[in-house]
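Architecture at a glance
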Amino acid sequence: MSERVSSICRFCHAQCAIHVDLENGRPVRVDGVKDHPIYHGYACAKGRELPRFHDAPDRLLQPQRRGSDGRYQTIDSATAMDDIAAQLRAIRERHGERAISLYIGTHGYNNLASTQLALAFMEALGSKMVFTSVTIDQPGKAVSQALHGTWLAGASNAWEADSWLVTGANPIVSMLGPVNPAWTFKQSQARGMKLIVIDPRRTELARRADLHLQARPGQDPVILAGLLHVILDEGLHDAAFMARYTRGLAALQAAVSAYTPEFVAARAGLRPEDVVMAARLYAGGRRGVATVGTGPNMSGHGNLTEYLSKVLMSVCGHWLQAGDPVPNPGVFVNPMPALAQAIDPMPAWGFGERLRVRGLTDTAAGLPTAALADEILLPGDGQVRALIVLGGNPMMAWPDQLKTREAMDALDLLVCVEPVMSATARLAHYVIPPKLTFEMAGCSVLQEFLGVIQGWGYPQPYGQWADPLVSPPPGSDVIEDWELFYGLGQRLGLALSVKPVSHLDPAVQAREATPLDMRHPPTSEALWEMLLKGSPIPLSEVRTYPDGHVFDRGESQVADGDPAHTGRLDVGNPVMLEELVALQTVDPDAAHGDYAFRLVSRRLADVLNSAWHSNEKLMRRWKYNPAFMHPDDMAALGVRAGEVVEISSSRASIRGVVEPAEDVRQGVISMTHCFGDLPEDEHDVLTQGSNTGRLTPVDRDYDPYTGIPRMSTIPVNVRAVVSAPLAEDRAAG
Ligand SMILES: Nc1nc2c(c(=O)[nH]1)N[C@H]1C(S)=C(S)[C@@H](COP(=O)(O)OP(=O)(O)OC[C@H]3O[C@@H](n4cnc5c(=O)[nH]c(N)nc54)[C@H](O)[C@@H]3O)O[C@H]1N2
Ligand SMILES: Nc1nc2c(c(=O)[nH]1)N[C@H]1C(S)=C(S)[C@@H](COP(=O)(O)OP(=O)(O)OC[C@H]3O[C@@H](n4cnc5c(=O)[nH]c(N)nc54)[C@H](O)[C@@H]3O)O[C@H]1N2
Ligand code: SF4
Ligand SMILES: [Mo]
């Protein structure tokens, strides 16, 4: 028996609408939805493999408990929760709430129901030790918004913008940007939108750009300061917008004065005329968007790069202004009021929980995850003893893998919510396997929620709901991720409260929170109703459109703000400008003259971080993370395609399999993260790849506020070690 049903892929944040073929109750095939108004039939190779994840031979179907002999034993989920709760209680009694920490990774976020319940659990427990992948990803986003202030009406979307500047992101592959980026950029450029890309690699996006600045990595604040210099110098800025809504122009002008196109070009390895052209292209239109990706956030001065990117938007008056159409009035999420009005900056760091290491505090992006290993290792009051990992893989993803390894060993209790025995799960005391996508209900709220970040999200009021399609495999004992946190809350006598994701304002979320009945668990649907409480379109209405729907919310325009409101966007934040001025005299890269190469991160289309590397189809091209290098660099080193090199940083050495890539700037190695294995289990670079996180020390060269260390533009040396047979195979075949 076969049927075709509608669903949502939740393997990444893109949340594509999909069609799933079921045969005898099992999913067998996934396709994009033809003629879909938002996704236009798109579904990537990973989404198409969802059925194989559900039936994967390495999928865990029962909770695992590690015995004193190190072996895992199957237990049932109720017993697992009893055990974990008892241990948490003991740790709390002996060491206090702070000893219990939570880390939410990528797959926690892909399902906001689990994230919200995990947060509710920690709040009820009274521990502020909540860490997420955000602070080892793009912490500069939230930090810079706090420093710069918020424009209520928000930014244009790619469907309507006149110019789009992307610094160190590759949305065509990563999907972090406009929904269905390839389709969207194509339409927008046909309409006349100018696309400018700054990236040391000629990426899939850069190839489509009107101008690609193939700069030296790590020089982004210098380049953006150069753009600001040209814009202010040539009078391309929006003086009226600046006078009315911003402050700090004089300080900004002074700080960028030395960043002439010649200076910038020399520093960043560009041509001065390209710096000028980038400024003119970006500033040329009425509405523009400047976005930054993971590359610059990880390359030092990430807050500054993100800050200058927002300053560019404000200097050009590129935000949506009174009379502009409101692109997305919301389906599941109530957006900020569409007003031409600025909200003053807010504290970006220095508040909340204080870490015991490196003087770090809570930040607008959350607690610094790069410091959690040290918080676990450092003895004394407040030492972290327990860690619950929700949909993340610290051993593969965190910087400084060797330190992370030590930290995982030092924990009294490590719990992973994981569908496979991931590198981290193999060190855990308990592994709780979750239900997977097709076994759970879900909706498109995540992608809509991400729309608060300029340049991301749905361009129209689109929403979709997905019912569970299949039961978990017979005989399995898998639960929805959130059920673990509910179950632990029950056993610890906590009162959990669900904050709705349908509101952006934390105060409103707290006010609208629904206390859970701690005796009778909610159904998943009831939980989603709580999460979407007060949404612009009721869930019941969204559910009537199985393939999702663009709702008619009428035409609306951005309205004038309240004239009495005095909020202003700050384009002259003193801390940021001081950092910028210091870069004039000192090129931070010059300190690493002993290292000939810079290793930059990137994404591969067929894999998502560390997830499901066991899938044969996705890994058919490379079972490892290739070290992409320019052919001239390879020739200089005397290495050929497929040969193995040793890549050494100040912290550690890893191996890499060389892959020639004309698109990579010389002097740069481009390599994706989350490969390899535990240090002791990494034996064969050709089948496992290697872990770039091992190259990064967390306690040197880190951001003083968010703690993010240098995870891209890592100074490294490269030397040939082995002539792998692979090279001969290739030559022969
Ligand atoms: N050097 C370097 N380091 C990096 C990066 C880089 O670019 N360079 N990138 C950083 C970034 S941006 C991030 S976000 C982090 C990623 O950090 P993490 O989120 O910690 O790492 P992931 O590999 O995404 O972990 C996802 C885990 O979820 C599991 N999983 C898969 N499906 C499901 C599911 O349905 N439910 C649940 N509960 N779990 C599931 C996977 O098996 C995997 O173990 O890595 C960071 N590390
Ligand atoms: N297929 C796939 N999609 C993914 C992921 C995945 O693993 N695979 N991971 C997901 C996650 S967790 C995230 S956070 C997003 C990330 O989304 P993006 O930020 O778009 O990530 P990347 O595609 O790695 O693009 C980063 C770009 O920065 C460039 N770069 C590196 N260093 C520098 C620098 O110093 N300056 C400049 N200007 N550029 C630099 C790299 O060459 C690369 O092209 O992707 C998500 N989507
Ligand atoms: S882009 Fe993301 S959501 Fe879309 S099909 Fe691929 S993995 Fe799934
Ligand atoms: Mo990420």
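Because the structure is predicted, anything quoted here is derived from the model rather than measured.

**As for the site of ligand 1**
- In the vicinity of ligand 1 there are 30 residues, among which Tyr103, Thr106, Ala397, Glu418 and Ser610 approach most closely.
- Here a nitrogen atom of ligand 1 sits 2.8 Å away from a polar atom, N or O, in the side chain of Asp481.
- Notes on ligand 1: free accessible area 910 Å², of which the protein chains cover 96%.
- Of the residues assigned to the shell around ligand 1, the class counts are 13 nonpolar, 13 polar and four charged.
- Shared between two domains, the shell around ligand 1 holds at least three residues of each, these being domain 2 (64–132 + 383–432) and domain 4 (589–732).

**Looking at the domain arrangement of the protein chain**
- Considered domain by domain, the protein chain is made up of domain 1 (1–55), domain 2 (64–132 + 383–432), domain 3 (139–331 + 338–345 + 568–577) and domain 4 (589–732).
- The C-alpha-based centres of domain 3 and domain 4 are spaced at 29 Å.
- In this complex, domain 3 contributes 23 residues to the contact, which on the side of domain 4 involves 22 residues.
- Taking both partners together, domain 3 and domain 4 bury about 1800 Å²; carbon and sulfur atoms supply 55% of that area.
- Counting the contacts that link domain 3 with domain 4 gives two salt bridges.
- One salt bridge connects Asp589 with Arg216, and the closest N-O pair in it is separated by 2.7 Å.
- In this structure, the connection of domain 3 to domain 4 is made through eleven residue pairs in polar contact (both at pLDDT 80 or more).

**Considering the packing of aromatic side chains**
- In the structure shown here, the tally under the stated rule is 18 aromatic pairs.
- Ring centres 6.3 Å apart and planes at 90 degrees place the aromatic pair Trp465 and Trp528 in the edge-to-face group. Of this pair, Trp465 sits in strand E23 (residues 465–466) while Trp528 is found in helix H22 (residues 524–531), placing the two residues 63 residues apart along the sequence.
- Accessibility expressed as a relative area gives 4% for Trp528, which makes it buried.
- A centroid spacing of 6.4 Å and a plane angle of 75 degrees characterise the contact between Trp482 and Tyr486, whose relative ring orientation is edge-to-face. Taken together, the positions of Trp482 and Tyr486, both in helix H20 (residues 481–491) and four residues apart, correspond to about one turn of that helix.
- Of the aromatic side chains, those joined through ring pairs into one cluster are Phe11, Phe53 and Trp612.
- The cationic tip of Arg602 hangs over the ring face of Phe628; the distance from NZ or CZ to the ring centre is 4.2 Å.

**Focus: the environment of Leu678**
- On the secondary structure map, Leu678 appears in the loop between strand E33 (668–670) and helix H26 (685–688).
- Residues Leu678 and Ser690, twelve residues apart in the sequence, show an inter-C-alpha distance of 9.6 Å.
- Residues contacting Leu678, with those up to four places away along its chain left out, are Met395, Met396, Gln401, Arg405, Ala423, Arg426 and Leu427.

Conventions adopted
Residues numbered from 1 in each chain as written. Chains lettered and ligands numbered in written order. Predicted model: local features only at pLDDT ≥ 70, side-chain atom pairs only at ≥ 80, totals over all residues. Heavy atoms only, no water. Near = heavy atom within 4 Å. Polar contact = N/O pair within 3.5 Å; in protein donor to acceptor, adjacent residues only side chain to side chain. Areas by Shrake-Rupley, 256 points an atom, 1.4 Å probe, with all protein chains shown as cover. Nonpolar A, V, L, I, M, F, W, Y, C, P; charged D, E, K, R; others polar. Domains from an automatic or database assignment. Contact = heavy atoms within 4.5 Å. Buried area = accessible area lost by both parts, 1.4 Å probe. Salt bridge = Lys/Arg side-chain N within 4 Å of Asp/Glu carboxyl O. Phe/Tyr/Trp six-rings, centres within 6.5 Å; stacked < 30°, edge-to-face > 60°. Helix = DSSP H or I, 4+ residues; strand = E, 2+ residues; numbered from the N terminus. Buried < 20%, exposed > 50% of the residue type's maximum accessible area, 1.4 Å probe, protein only. Lys NZ or Arg CZ within 6 Å of the ring centre and 35° of its normal.

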